[in-house]
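Inside the fold
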Amino acid sequence: MFHWPHSVIERCNRNICRSPIAEAVFRKMATDNGAVDKWRIDSAATSTYEIGNPPDHRGQACMKRHGVSMRHIARQVTKDDFMTFDHILCMDESNLRDLNKKASSVKNSKAKIELLGSYDPEKQLIIQDPYYGSDKDFETVYEQCVRCCKAFLEQHS
């Protein structure tokens, strides 16, 4: 069995907007840095609304414009995620509360749960959900994820 030295899961409500963008950005950065084989990278939702669906088409278009490959099918976070991932990075305080509540019911939880925005050098702590917004909102999420994932990767590599 292969064990990754590091593991990270990105988390948002539906797993079709913010978290798959963060997952794809992180995977590209780790690949570009020659470190992708040292990371287990995934994303998941706390809700069940979009399980089995691909990322939002506006997020996919944004990633395509930036040359970032995105291949993900929405799934819900599981108890195993808390036991097998080192880091669970979420997008807003509602996600953080939900995850901390779920983690408290997992006996052997090892994951450090925190806001991805806590790594933002521009101090934008919350990554807002672009679902009800425009293409510009997806671009903002992408830019935040680039800043945060870069800082996270530098700190944890």
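The structure displayed is predicted, hence computed values, not measured ones.

Attention now moves to the environment of Val25. The residue Val25 is located in helix H1 (residues 18–32) in this model. For Val25, a relative accessible area of 3% translates into the label buried. Apart from residues no more than four positions distant in its own chain, Val25 is found in contact with Met63, Val68, Tyr142, Cys145, Val146 and Cys149.

Over its 15 residues, H1 extends 21 Å from the first C-alpha to the last, a length consistent with the 21 Å expected when each residue adds 1.5 Å. Among the 15 residues in H1, 11 count as buried, and that is most of the element. The complete set of buried residues in H1 reads Arg18, Ser19, Pro20, Ile21, Ala22, Glu23, Ala24, Val25, Phe26, Met29 and Ala30. Here the buried face of H1 lies against strand S1 (6–12), strand S2 (39–45), helix H2 (57–65), helix H4 (93–103) and helix H5 (135–156).

The full count for this structure, using the stated rule, is 5 aromatic pairs. Ring geometry for Tyr119 against Phe152: centres 5.0 Å apart, planes inclined by 85°, an arrangement best described as edge-to-face. Note that Tyr119 is positioned in the loop between strand S4 (112–115) and H5 and Phe152 in helix H5, a separation of 33 residues in sequence. As far as the burial class goes, Tyr119 and Phe152 line up, both buried. Taken together, the ring pairs in this structure connect Phe26, Trp39, Tyr119 and Phe152 into an aromatic cluster. The cationic tip of Arg14 hangs over the ring face of Tyr131; the distance from NZ or CZ to the ring centre is 4.3 Å.

Parameters and conventions
Residues numbered from 1 in each chain as written. Predicted model: local features only at pLDDT ≥ 70, side-chain atom pairs only at ≥ 80, totals over all residues. Heavy atoms only, no water. Helix = DSSP H or I, 4+ residues; strand = E, 2+ residues; numbered from the N terminus. Buried < 20%, exposed > 50% of the residue type's maximum accessible area, 1.4 Å probe, protein only. Contact = heavy atoms within 4.5 Å. Expected span 1.5 Å × (residues − 1). Phe/Tyr/Trp six-rings, centres within 6.5 Å; stacked < 30°, edge-to-face > 60°. Lys NZ or Arg CZ within 6 Å of the ring centre and 35° of its normal.

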